[in-house]
Amino acid sequence: MGIYESLIEIAGRDRVSNGPEELHFYSRDAGAQPPRSADYVVLPKTTEEVQKIVVLASREKIPLTPMGGGFTLSALGVPNRGGIVLDMKGMDRILEVNEMSRYAVIEAGVTQAALRSYLAKNHPDLQHSTPEAPPAVTVVANALIQGHGHISPRYGVNSDMITGMEVVLPTGEVCKIGSCSLAPTWFTRGPLPDLAGLFVGWYGTTGIVTKLAMRLYPKPKYRDVFLFSTDEIDLIPDAIAGVTRLDLLEDFFLITQEKPDWMNHVFFVLILSAHFEKELVLKRDIYKEFFRDFAGGGRVQFVEDLHPALRKRFLDVPPLAALAADFRKGGGFEYTGAILPIDRIPEAWRKGMEIAHRYGMLCSYVHQVLPGPGIMFGFNYSFNRADEKDIENARKALAESNTLTYELGGMVWKGELGAQEMAMDRMDPNTLRLITRVKGLLDPAGIMNPGNWDPGGRG
Ligand SMILES: Cc1cc2nc3c(=O)[nH]c(=O)nc-3n(C[C@H](O)[C@H](O)[C@H](O)COP(=O)(O)OP(=O)(O)OC[C@H]3O[C@@H](n4cnc5c(N)ncnc54)[C@H](O)[C@@H]3O)c2cc1C
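The present account deals with the structure reproduced in this document.

### Comments concerning the sheet that holds strand β5 (residues 94-98)
Hydrogen bonds along the backbone pair up the strands of a sheet, which may run parallel or antiparallel.
No. 1: With antiparallel pairing, the five strands of this open sheet are ordered in space as β5-β6-β10-β8-β9. Of all the strands in the sheet, the pair left with one neighbour each is β5 and β9 (174-178). Adjacent strand axes in the sheet meet at a mean angle of 10 degrees when their direction is disregarded.
No. 2: Here strand β6 (residues 103-107) pairs with strand β10 (residues 208-215) via five bridges, running antiparallel. Bridge pairing links Glu-107 to Lys-211 in β10.
No. 3: Across the sheet, helix α4 (residues 112-122) lies against β5 and β6, angled at about 45 degrees from β5, the strand it touches most.

### Re the site of the ligand
No. 1: Close to the ligand lie 33 residues; Pro-66, Gly-68, Gly-69, Phe-71 and Thr-138 are nearest.
No. 2: Between the ligand and Thr-72 there is a distance of 3.5 Å, counted from an oxygen atom to a backbone nitrogen or oxygen.
No. 3: Between an oxygen atom of the ligand and a side-chain N or O atom of Thr-138, the distance comes to 2.7 Å.
No. 4: Look at the ligand: alone it shows 980 Å² of surface, and the protein chains cover 94% of it.
No. 5: Per-element accounting of the shell around the ligand gives the leading share, three residues, to helix α5 (residues 139-144).
No. 6: In terms of residue class, the shell around the ligand is made up of 20 nonpolar, eleven polar and two charged.

### Here we look at helix α1 (residues 3-11)
No. 1: Regarding α1, the residues found buried are Ile-3, Ser-6, Leu-7, Ile-8, Ile-10 and Ala-11.
No. 2: Here the buried face of α1 lies against β1 (16-17), β2 (40-42), α3 (47-60) and β4 (84-87).
No. 3: Positive backbone phi, at 95 degrees, marks Gly-12, one or two positions downstream of α1.

Calculation criteria
- Residues numbered from 1 in each chain as written.
- Predicted model: local features only at pLDDT ≥ 70, side-chain atom pairs only at ≥ 80, totals over all residues.
- Heavy atoms only, no water.
- Pairing = 2+ DSSP bridges.
- Helix = DSSP H or I, 4+ residues; strand = E, 2+ residues; numbered from the N terminus.
- Axes fitted to C-alpha atoms, helices over the stretch in contact; angles between N-to-C directions.
- Contact = heavy atoms within 4.5 Å.
- Near = heavy atom within 4 Å.
- Polar contact = N/O pair within 3.5 Å; in protein donor to acceptor, adjacent residues only side chain to side chain.
- Areas by Shrake-Rupley, 256 points an atom, 1.4 Å probe, with all protein chains shown as cover.
- Nonpolar A, V, L, I, M, F, W, Y, C, P; charged D, E, K, R; others polar.
- Buried < 20%, exposed > 50% of the residue type's maximum accessible area, 1.4 Å probe, protein only.

Right, dumping it as structure tokens:
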């Protein structure tokens, strides 16, 4: 029996395709990376189906690429060497919400929007950390790529919130990680050897996560947004250090855009939340006072007249902070997500602006403050999807901001193949050898999303 027929036997005719229309979509994503070819697409419904597909792929030595929403923009879920795309969106059940211990157990295809609306309807006092990504992205893939959400400045990046996993290993074995490996409780991944790290940050090269438990958080009743602005880029690190030292925020991001003119400033966007009204009033007063006195006073202004439409966009969950991109330019949007220490921000800011201008783009930034504090410094690029030269420009700009990120001592988050290569070029050789050994141990047939974290001749 051929691969196509075997996949149909496992998952059913309706959930397998090798038709040109489907393969066209699964061979590219919304970012600027060149398309690559998928040979088969399958949407499994159960862990057992995933297991059988993995066994088939391993036996036939055919590449297998897991995919959630496919929205990293860095083509991480687009197969580099053909083979099967395992679209996890068919596994879309929310299996448990534990109100008391505050966690949810979900299948790999549950989208951000699905979990959010399920909680709003059934557990209105709880929330999960929602990334500012399209609603169709999956909670699981976002946690696995170390994404961040609207409460990350307060509670940590989303991979820190994992409390348990079920994984199908590349050999077909199903493995549980955390307390769920001992008992039917998914509330913690320690104290045990922390095996979750074998699957977080690996882009599906070490196994397929079929179920995940994520922490949930209390949902405060009151929320508000404050904007402060300045034109002094060199003040940014101290401002972030000071604001986060107070430890009172739900979310904190920075935006700027060269056009329209009113946006051509550094904006600090502070989202406050509180369980009591007087708590909110206190937090508001504290931040106004902080910026009034900051850096000798008068250098950072409170934005008094925030337009109601903008207010709504910032207070929505997820917020629409990426309004800073130049969407008029043919619909394409890309960014280098640079995870940087905050003292490097002014240099990144100035050099990033030079990169955008060199490629004829407006400079637009959205930066998410992360715990530490660190920052996800978004070097954003807009491009015209219908113009090959423009797409090529976006790729070159990405490569330059990736290089800049590493030169500044940072790391590229969810990097495309080129960014991964740059990381491995700079990596301590023993670390790289360890990565190679772990991959070889878990995936001896080398079938899992090949090309990613591939050391090639290094190490
Ligand atoms: C406009 C915009 C704004 C964004 N803002 C944010 C933001 O604020 N915060 C943020 O974190 N991200 C953001 N993103 C990036 C990205 O969209 C999200 O991180 C998203 O959650 C990724 O999830 P996905 O389901 O699309 O992942 P995919 O692209 O489908 O997968 C990502 C990686 O995980 C692997 N994978 C997928 N499922 C599994 C599985 N079950 N087991 C093992 N490996 C698997 C894939 O092979 C791939 O390597 C943004 C993207 C866009 C387009």
